[in-house]
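# Structural overview
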Amino acid sequence: MGTEVNGEYGADQIQILEGLEAVRKRPGMYIGSTSVRGLHHLVYEIVDNSVDEVLAGHCNEIQVTIQEDNSVKVVDNGRGIPIGINQKAGLPAVEVVFTVLHAGGKFGGGGYKVSGGLHGVGASVVNALSEWLEVIIHQDGKMYQQRYERGNVIYPLREIGTTDHTGTEVTFLPDKEIFEETIFDFDTLRQRLREMAFLTKGVKITLTDERLDEPKVREFHYEGGIKEYVSYLNRHKDPLYEQIIYCEGQRDGILVEVAMQHNSSYQEGTYSFVNNITTPEGGTHLTGFRNALTKTFNDYAKKNKILKENETNLTGDDIREGLSAIVSIKIGEPQFEGQTKQKLGNSEAKRAVESVVTEQLTYFLEQNPSVARIICDKAVLAQRARDAARKARDLTRRKTALDSTTLPGKLADCSDKDPKNCEIYIVEGDSAGGSAKTARNRATQAILPLRGKILNVEKSRLDKILINNEIKAMITAFGTGIGEDFNIEKLRYDKIVIMTDADVDGAHIATLMLTFLYRFMPDLIRKGHVYLAQPPLFKVERNKKVYYAYDDLELGSILKEIGRDGNNKIQRYKGLGEMDADQLWDTTMDPEKRILLRVTIDEESESEIDVVFNTLMGDKVEPRREFIEENAKYVKNLDI
Ligand code: TTJ
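Predicted model, so just to flag it, every value in this text is computed and none were measured. (Residues numbered from 1 in each chain as written. Predicted model: local features only at pLDDT ≥ 70, side-chain atom pairs only at ≥ 80, totals over all residues. Heavy atoms only, no water.)

Once that is clear, we can look at the overall build of the chain. Tallying secondary structure elements over the chain gives 20 helices and 26 strands in all. The buried share of the chain, reckoned over its 640 residues, is 53%. Contacts spanning at least 24 positions in sequence make up 69% of the contacts within the chain whose residues lie at least 6 apart. (Helix = DSSP H or I, 4+ residues; strand = E, 2+ residues; numbered from the N terminus. Buried < 20%, exposed > 50% of the residue type's maximum accessible area, 1.4 Å probe, protein only. Contact = heavy atoms within 4.5 Å.)

Taken together, the neighbourhood of the ligand is formed by 16 residues, with Asn49, Glu53, Asp76, Gly80 and Ile81 sitting nearest. At 3.4 Å from a nitrogen atom of the ligand is found a side-chain nitrogen or oxygen belonging to Thr168. Burial of the ligand by the surrounding chains reaches 89%, relative to a free accessible area of 510 Å². Where the shell around the ligand is concerned, the elements lending two or more residues are helix H3 (36-55), strand S2 (72-76), helix H4 (93-99) and strand S8 (167-174). A class-by-class count of the residues in the shell around the ligand yields nine nonpolar, four polar and three charged. (Near = heavy atom within 4 Å. Polar contact = N/O pair within 3.5 Å; in protein donor to acceptor, adjacent residues only side chain to side chain. Areas by Shrake-Rupley, 256 points an atom, 1.4 Å probe, with all protein chains shown as cover. Nonpolar A, V, L, I, M, F, W, Y, C, P; charged D, E, K, R; others polar.)

On to the sheet that holds S2. Spatially, eight strands are ordered S7-S6-S5-S8-S2-S1-S9-S10 in an open sheet, and the strand pairing comes out mixed. Here the strands that pair on one side only, and so sit at the sheet edges, are strand S7 (152-162) and strand S10 (216-221). Each strand of the sheet is rotated relative to its neighbour by a mean of 10 degrees, with strand direction disregarded. In this structure, strand S1 (residues 61-66) lies alongside S2, joined through five bridges in antiparallel fashion. Within the sheet, the bridge partner assigned to Ile62 lies in S2 and is Asp76. (Pairing = 2+ DSSP bridges. Axes fitted to C-alpha atoms, helices over the stretch in contact; angles between N-to-C directions.)

Below, the discussion takes up helix H8 (residues 284-303). With 20 residues, H8 extends 28 Å between its outermost C-alpha atoms, agreeing within 8% with the 28 Å of an ideal straight helix rising 1.5 Å per residue. Just downstream of H8 lies Lys305, where phi reads positive at about 60 degrees. (Expected span 1.5 Å × (residues − 1).)

The set of residues buried in helix H12 (residues 430-439) consists of Ala432, Gly433, Ser435, Ala436 and Ala439. One side of H12 carries all its buried residues, which in axial view fall inside an arc of 160 degrees. When the buried face of H12 is taken as reference, the exposed residues oriented beyond 90 degrees from it are Ser431 and Thr438. Of the surrounding secondary structure, the elements contacted by the buried residues of H12 are strand S18 (423-428), strand S19 (445-450), strand S20 (495-499) and helix H18 (581-589). (Arc of directions from axis to C-beta.)

On the surface, Glu68, Asp69, Glu210, Asp213 and Glu214 cluster together to form a negatively charged patch. Position of Glu68 relative to the elements: it lies in the loop between S1 and S2. According to the relative accessible area criterion, Glu68 is exposed, its value standing at 68%. (Patch = residues over 30% accessible without salt bridge, like charges linked within 9 Å, V, L, I, M, F, W, Y side chains within 5 Å. Salt bridge = Lys/Arg side-chain N within 4 Å of Asp/Glu carboxyl O. Lys, Arg positive; Asp, Glu negative; His and termini not counted. Charge placed at Lys NZ, Arg CZ, Asp CG, Glu CD.)

Centre-to-centre distance and the angle between the planes together describe a pair of aromatic rings. All told, the structure shown has six aromatic pairs when counted by the stated rule. Plain terms: the ring middles of Phe198 and Tyr222 are 3.9 Å apart, the flat faces sit at 15 degrees to each other, and that makes the pair stacked. Here the residue Phe198 occupies a position in helix H6 (residues 186-199), and Tyr222 occupies one in the loop between S10 and helix H7 (226-233), the gap between them amounting to 24 residues. With respect to burial, Phe198 and Tyr222 carry one shared label: buried. (Phe/Tyr/Trp six-rings, centres within 6.5 Å; stacked < 30°, edge-to-face > 60°.)

Quick look at the structure:
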């Protein structure tokens, strides 16, 4: 393949085009997938280049526009991609950027490139996967333009006019031959661009959606950078002190930035980034942060007699109870490890973060003794609660070690012993639990009825949580253990199905359960074992035939089909309890007919999920209601 425009584009060019052909053959290797996620990575890939220019100190504004035809335009006010001839390729540098694989940012300049994680594959990959891509460069008073189609040069770089500023403008249309989905989602882009703005202080990023009659515009601009990110994470919580603790420094060429603030909750929310890319599995930078935190607070507590010399040290967990933190580093050559290549491996990153945080946090605590005191007091309380929890846990451990059949009394277990075939329904209320026990397939379906609302784990310490009967019942029924003891191999059921009434109370109970699972057994959700049952809202009877509707819309279409007259008997279910066993089986439990929603966590935006759960579980009533109404967004349809 390849489109030769004129004689100047010879053998070199063909080789280049073959390079991009490899991208089109195996797009997943370069952008992870050709799903909607891969589609959005194209935008991040391009924006990363502008962020590099911000980090180099030559750019402070990036505009991203979703245009009417679903193409995306990214404009920055940087120096503009160089247009001079690149010696090695014999082509203008800009053409190399867009047509040579992995050429992104390799020409001089120095500084930190944010490229490096899952994306960071370069602008040429975006070009290869676009139906068309156009670049316009403003430089030295002139404008230059080039166009490509599916990676092929359509015309050589040409001068198209004059200009009074500098910058780069790239517009591309994702290729429908490559992507399963080519419609951009505003909220997905909004979330990631906001994160980029938090991580790159001072830059102004705007996102515009021109597909609507009235264009939608969002602007992200945080002079405080990750300090404002931490305020944002704590926005629905009660901070324990006003200041955001902030450390910034450079060691061995690694830029380190950390911001943190404690809140009155018991959960830790620390999010780490390498070159602006989230590292959900952490790595050396996170380890360095934790080491520094533990050491600095213990030193301070001992020195100031908050802990006596003979008392046991505070653990990292004690100190991080209720902590919201962002750890962000910029490193020249990040090494990613682990199965998903998401865990930072560079040992120098650990030293860099540890050193910067120890030094600056020690200074901060000395300058702010009242803040130091608040944090130490909270950690000491956490230590005591943890001791109590350990005792409670030791008790449950001993019990299970002695007697492996101590399953909860309320559990109606299934008879099949192969977990792969088994599922457990967690049912709200004893009466619905009774119907479910009658309705179920005894071989493969277990039923665990829970009484009333389960404990809100966001508002309780571990010692309280572990003595709660409903929670104990779930833990023993699942078999996996929790927290550091968690072992998915021991899971006794392939599917954990939460079945609650289809009303606001039911949604609240379901979220309490999801919160518990998310905090103590997140891998159950990550590995796709957690589901929400979907009981119907209406029953329609006509001439002895029965129809079920799961929402108002469906009710409407059923009535339209069978006719709207006096022969219809419509019942609105107020709760699971109103259904008899047969109805419950038919509508909600029969694997052949039921609808289950699988609960998922988007790893790329776990900091958002955290906020969502906290919003719901916290004390502020308004955001909670919003969450329940939007709840459906966090679960995906699963046709079973
Ligand atoms: C590199 O070093 C010399 C001066 O110019 C630097 C540069 O390339 N800056 C730059 C690239 N600013 N913006 C870009 C860029 C912007 C977009 C939207 C897309 C791409 C591929 C690059």
